[in-house]
There are 2 protein chains.
Amino acid sequence: MTFVNVGTLGVHPGARDAVVAILTRRNRDLETAGCLLYEVGVNDDAPDTVFVAELWVSAEAHQASLQLDSVRAAIAEAMPLLSGPMDGYRFAVTGSPLRE
Amino acid sequence: MTFVNVGTLGVHPGARDAVVAILTRRNRDLETAGCLLYEVGVNDDAPDTVFVAELWVSAEAHQASLQLDSVRAAIAEAMPLLSGPMDGYRFAVTGSPLRE
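On a predicted model such as this, the values are computed, not experimentally measured, just so you know. (Residues numbered from 1 in each chain as written. Chains lettered and ligands numbered in written order. Predicted model: local features only at pLDDT ≥ 70, side-chain atom pairs only at ≥ 80, totals over all residues. Heavy atoms only, no water.)

Student: Can you tell me about the overall build of chain A, naming the residues and giving the values?
Tutor: Looking only at helices and strands, one finds four helices and four strands in chain A. In chain A, the succession of helices and strands from N to C terminus is β-α-α-β-β-α-α-β. Whereas a compact globule of 100 residues would reach a radius of gyration of roughly 13 Å, chain A reaches 14 Å, a difference of no more than 12%. Taken over the C-alpha atoms alone, chain A extends approximately 45 × 30 × 20 Å along its principal axes. Across the 100 residues of chain A, 50% fall into the buried class. If you take every contact in chain A between residues at least 6 apart in sequence, the share linking residues at least 24 apart comes to 73%. Per element, the accessible surface of chain A, about 5,000 Å² overall, is 56% carbon and sulfur. Distance from the positive charge centre (7 side chains) to the negative charge centre (13 side chains) of chain A: 5 Å. (Helix = DSSP H or I, 4+ residues; strand = E, 2+ residues; numbered from the N terminus. Rg over C-alpha atoms; globule rule 2.2 N^0.38 Å. Buried < 20%, exposed > 50% of the residue type's maximum accessible area, 1.4 Å probe, protein only. Contact = heavy atoms within 4.5 Å. Areas by Shrake-Rupley, 256 points an atom, 1.4 Å probe, with all protein chains shown as cover. Lys, Arg positive; Asp, Glu negative; His and termini not counted. Charge placed at Lys NZ, Arg CZ, Asp CG, Glu CD.)

Structural data, given as structure tokens:
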């Protein structure tokens, strides 16, 4: 069942663009792993936060992707830039008004 | 700039499926209004919550969609089923590892 993971990452002041750069670096492994959508962004009302919204073919595909070398390397690279707070939620997609 | 709106809606016990049905009813107005993705779902860890993740061509397109007759009708229909709590966040998309 299609799966959504959305989240926020707290970042150290001034580190937002660097974290965005890491998370938006082209990674073809993600498609292979079943990632359908992976949008990274910002909101100037929360300048020390990076936002992510991901759509995956399944919860299992998302979980497995965390073990990919390229994903682990990106996490390791971003980690020192993160301030700690993380939030978000996950859900199984039941439908869309854009589809029959 | 592409815009993400993600959110949770608290629903009265037993009302989740009814709210999901309202939100996933086919609505072609949304595409016309600039909606690129509108996923509705559930998480059994939070049985009285409906989750939504939306991608729009712009924040303005999302805001304008709230005035569409079909959207206002859906909101009015769902309202008595909602228990009050709403959460979520909005962000401007800066990129994706799935695109160059």
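So that's the structure; there's more coming.
Student: Tell me about the interface of chain A and chain B, and name the residues and values.
Tutor: Listed as interface residues are 40 residues of chain A and, on the opposing side, 40 residues of chain B. Taking both sides of the interface into account, the surface hidden between chain A and chain B amounts to around 3,100 Å²; carbon and sulfur atoms contribute 59%. Arg-28 of chain A is the partner of Glu-100 of chain B in a salt bridge, and the nearest nitrogen-oxygen pair spans 2.7 Å. Here chain A and chain B share 26 residue pairs in polar contact (both at pLDDT 80 or more) between them. For the side of chain A that touches chain B, the secondary-structure elements that each account for two or more residues are strand S1 (3-11), helix H1 (16-24), helix H2 (28-32), strand S2 (35-42), strand S3 (49-56) and strand S4 (82-95) of chain A. Per-element tally for the side of chain A that touches chain B: the top contributor is S4 of chain A, with nine residues. When its residues are assigned to classes, the side of chain A that touches chain B shows 21 nonpolar, 10 polar and nine charged. Note that S2 of chain A and strand S4 (residues 82-95) of chain B share three bridges and pair antiparallel. Each bridged residue has a counterpart across the sheet, and for Gly-41 of chain A the counterpart in S4 of chain B is Val-93 of chain B. (Buried area = accessible area lost by both parts, 1.4 Å probe. Salt bridge = Lys/Arg side-chain N within 4 Å of Asp/Glu carboxyl O. Polar contact = N/O pair within 3.5 Å; in protein donor to acceptor, adjacent residues only side chain to side chain. Nonpolar A, V, L, I, M, F, W, Y, C, P; charged D, E, K, R; others polar. Pairing = 2+ DSSP bridges.)

Student: Now, about helix H1 (residues 16-23) of chain B: what can you tell me, with residues and values included?
Tutor: Of all the positions in H1 of chain B, only Arg-16, Val-19, Val-20, Ile-22 and Leu-23 of chain B are classed as buried. Projection of H1 of chain B onto a plane perpendicular to its axis shows the buried side chains occupying an angular sector of 160°, all on one side. Residues of H1 of chain B that are buried sit in contact with S4 of chain A together with strand S1 (3-11), strand S2 (35-42), strand S3 (49-56), helix H4 (69-78) and S4 of chain B. (Arc of directions from axis to C-beta.)

Student: Pulling in residues and values, what's your account of the UniProt feature "domain: ABM" (unreviewed entry) in chain A?
Tutor: If you check UniProt for "domain: ABM" (unreviewed entry), the listed places come out as residues 3-91 of chain A in our numbering. Helix makes up 35% of residues 3-91 of chain A and strand 39%, whereas the separation of the span's terminal C-alpha atoms amounts to 6 Å. (UniProt positions renumbered as here; feature names shortened; annotations may be inferred.)

Student: Mind laying out the side chain of Ser-65 of chain B, listing which residues take part and the relevant values?
Tutor: Of note, Ser-65 of chain B is situated in helix H3 (residues 59-65). With near-sequence residues (within four places) excluded, Ser-65 of chain B lies in contact with Ala-33, Trp-56 and Val-71 of chain B.

Student: Can you tell me about H1 of chain A, naming the residues and giving the values?
Tutor: By the burial criterion, the buried members of H1 of chain A are Arg-16, Val-19, Val-20, Ile-22, Leu-23 and Thr-24 of chain A. Packing partners of the buried residues in H1 of chain A comprise S1, S2, S3, helix H4 (69-78) and S4 of chain A together with S4 of chain B.

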